[in-house]
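Observations on the three-dimensional arrangement
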Amino acid sequence: MEAAFICTDDLWAGGFGHTHPLKPERLKRTYELLTAYRAFDAPHSHLVAPDPVSREDLLLFHTAEYVDAVARLSRGEKNMPALCYGFRPDETPAFPGMYEIEGLKVGAALTGARLITEGQVQAAFSFGGGMHHARAALASGFCVFNDVAVAIHWLLRQGLRVAYVDIDVHHGDGVQAAFYDTDRVLTISLHQAGILFYPGTGFPEELGTGAGYGYSINLPFLIYTSEELYLRAFRQVVPPLVRQFAPDVLVTQLGVDTHYRDSLGSLLLTTRGYIALVEELKMLAEGSRRWLAFGGGGYAADVVPRAWTLAYGVMSGQTFPDELPPAYSERHGPGRLHDTAGPEPVEAGVVEKTREYVEKNLDTLRARTRDVWRWE
Ligand SMILES: [Zn+2]
């Protein structure tokens, strides 16, 4: 596979502020680590700057009123009803320059979509994007513009059918809602169950409406779900459905807040489980030879750069030495690319509950989508 990493240092030029969990530093460090491994000097690997985004691009998904509101809030205009557009100081605060920085993520998504449809690369990684919670007229969950939904709309306009797989620890609610009534986009989200957990949705009963029935698939997990159980469930749902759907493009959101040390999520994945998922997704992308990958959540500063470096290694066919390169470790401390430890053992009773919950959800999915999918 030829692979593109879509990046510019403008991506980390600003953000929600230093006390907010979504720190631009995560992106900077990922780029530094890949650069230290000389990942962009390898054959089949391309470092590509994002194209600027236009207002028309944003309107592929967002409403004109919302796009204008983001622009005005970004300029620091007072007397704007920020709350009406989803901007809350305690969660998704408006910040100066927001229109440009968040818009750049959409530009990156469309750059990736263009590269894969033109056949210049087979995999494009917009690691700074994956803002899967934003709605057409509402910011939500640290997400201002839904770069994923804009890119999928653009791909649909090219006449292509899209399978979207979201492995962020949070439900991909914004993308699901954007394509809830169509059978041209299959959305599959695996996440921590929305029981007292943001965004509170993503249950197996949410299956789509009208022609879209059966094309929104959700597999929630209880807290403390193990890597083994997660992987087993993933393999029972994602490969069989994506293969049957046979998309023209595979779009994935690769948030790494499923990691056992993440501060927001409570699932127990390590980098090894995470990369096993990315490798499965690569195999699925080999069908269409068009893979548009996004970053997403992930809040442990020393985990995110390692996980996304490993993910880009899978896309571009590179394996990196496990010891972190000196150019990186001198700045951020020594360590290994893969985790050297894992989560504490979980009580047997909890293990049993997490397993029963998965079985129940798989039964629900199979029973309710029997007329849409062949289940293996
Ligand atoms: Zn997340």
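Residues numbered from 1 in each chain as written. Predicted model: local features only at pLDDT ≥ 70, side-chain atom pairs only at ≥ 80, totals over all residues.

Further remarks concern the overall build of the protein chain. Counting its regular elements, the protein chain contains eleven helices and eight strands. Radius of gyration (C-alpha) of the protein chain: 19 Å, near the 21 Å computed for a compact globule of 376 residues. Considered along the principal axes of its C-alpha atoms, the protein chain spans approximately 50 × 50 × 40 Å. Going through the 376 residues of the protein chain one by one, you find that 50% of them count as buried. Counting contacts in the protein chain only where the partners sit at least 6 residues apart, residues at least 24 apart contribute 75% of the total. (Helix = DSSP H or I, 4+ residues; strand = E, 2+ residues; numbered from the N terminus. Rg over C-alpha atoms; globule rule 2.2 N^0.38 Å. Buried ≥ 20, exposed ≤ 12 C-beta atoms within 10 Å, placed from the backbone. Contact = placed C-beta atoms within 7 Å.)

Moving on, we get to helix α4 (residues 98-117). If you check α4, its first and last C-alpha atoms are 29 Å apart, about what 20 residues at 1.5 Å a residue would give, namely 28 Å. Burial within α4 is extensive, with 17 of its 20 residues counted as buried. Taken from the residues just after α4, G119 is the one with a positive phi, measuring 80°. (Expected span 1.5 Å × (residues − 1).)

Bringing the sheet that holds strand β1 (residues 3-6) into the picture now. Across the sheet, which stays open at both edges, the eight strands sit in the order β2-β1-β3-β8-β7-β4-β5-β6 with parallel pairing between neighbours. Across the chains shown, the open sheet's two edge strands, defined by having one partner strand only, are β2 (45-48) and β6 (216-221). Neighbour-to-neighbour, the strand axes of the sheet open up by a mean angle of 15°, direction not taken into account. Here strand β7 (residues 249-253) pairs with strand β8 (residues 291-294) via four bridges, running parallel. Paired with L250 across the strands is W291, a residue of β8. Packing against the sheet, α4 makes contact with β1, β2, β3 (123-126), β7 and β8, and its axis sits at approximately 175° to β3. (Pairing = 2+ DSSP bridges. Axes fitted to C-alpha atoms, helices over the stretch in contact; angles between N-to-C directions.)

On to the nonpolar core. Of all hydrophobic cores here, the largest spans 115 residues; its most connected members are A124, F125, I152 and Y164. The element best represented in this core is α4, accounting for eleven residues. Among all residues touching A124, those that are not within four sequence positions of it are A4, I6, G112, L115, I116, L292 and A293. (Core = buried A, V, L, I, M, F, W, Y, C linked by C-beta atoms within 7 Å.)

Right, let's talk about the environment of P52 for a bit. You can see P52 is positioned in the loop between β2 and α2 (55-58). On the neighbour-count criterion, P52 (13 C-beta atoms within 10 Å) is partly exposed. A C-alpha to C-alpha distance of 9.2 Å links P52 and K105, two positions 53 residues apart in sequence.

What follows deals with the pairing of β7. In terms of burial, β7 is largely enclosed, as five of its five residues are buried. Burial along β7 is two-sided: the face carrying V249, V251 and Q253 and the face carrying L250 and T252 are both buried. Inspection of the sheet shows strand β4 (residues 162-166) paired to β7 by five bridges, in the parallel sense. In the strand pairing of β7, Y164 is matched with V251.

Glancing now at the environment of Y99. Checked against the element boundaries, Y99 lands in helix α4. Taking C-alpha positions, Y99 is 9.4 Å from D68, a pair spaced 31 residues apart along the chain.

Right, let's get into helix α1 (residues 25-36). Because the α-helix completes a turn every 3.6 residues, residues three or four places apart line up on one side. Here α1 contains twelve residues, and its C-alpha end-to-end distance of 16 Å stays within 8% of the 16 Å for a straight helix at 1.5 Å per residue. Residues R26, L27, R29, T30, Y31, L33, L34 and A36 constitute the buried set of α1. In this fold, the buried residues of α1 make contact with β1, α9 (304-316) and α10 (326-332). Just beyond α1, the residue with positive phi is R38, at close to 55°.

Attention now goes to the pairing of β4. Of all five residues in β4, five are buried, a share of seventy percent or more. Judged by which residues are buried, β4 turns out to be covered on both faces: V162, Y164 and D166 on one side and A163 and V165 on the other are all buried. Of the pairings in the sheet, the one linking β4 to strand β5 (residues 185-192) comprises five bridges and is parallel in character. What sits directly across from D166, in β5, is S189. Between the parallel pair β4 and β5, the chain is carried across by helix α6 (residues 173-178), and the sense of this crossover is right-handed. (Right-handed = clockwise from strand over helix to strand, strands pointing away.)

We now examine the packing of helix α8 (residues 271-285) against α9. With their axes 10 Å apart at the nearest point, α8 and α9 run at an angle of 30° to one another. In terms of their interaxial angle, α8 and α9 are classed as roughly parallel. Crossing angle aside, the handedness with which α8 passes α9 is right-handed. Packed against α8, whose contacting residues are T271, Y274, I275, V278, E279 and K282, the element α9 presents R306, A307, L310, A311, V314 and M315 at the interface. Looking at the contact of α8 with α9, its residues break down into eight nonpolar, one polar and three charged. (Parallel < 35°, antiparallel > 145°, perpendicular 65-115°, else oblique. Left-handed = near helix turned anticlockwise from the far one by under 90°. Nonpolar A, V, L, I, M, F, W, Y, C, P; charged D, E, K, R; others polar.)

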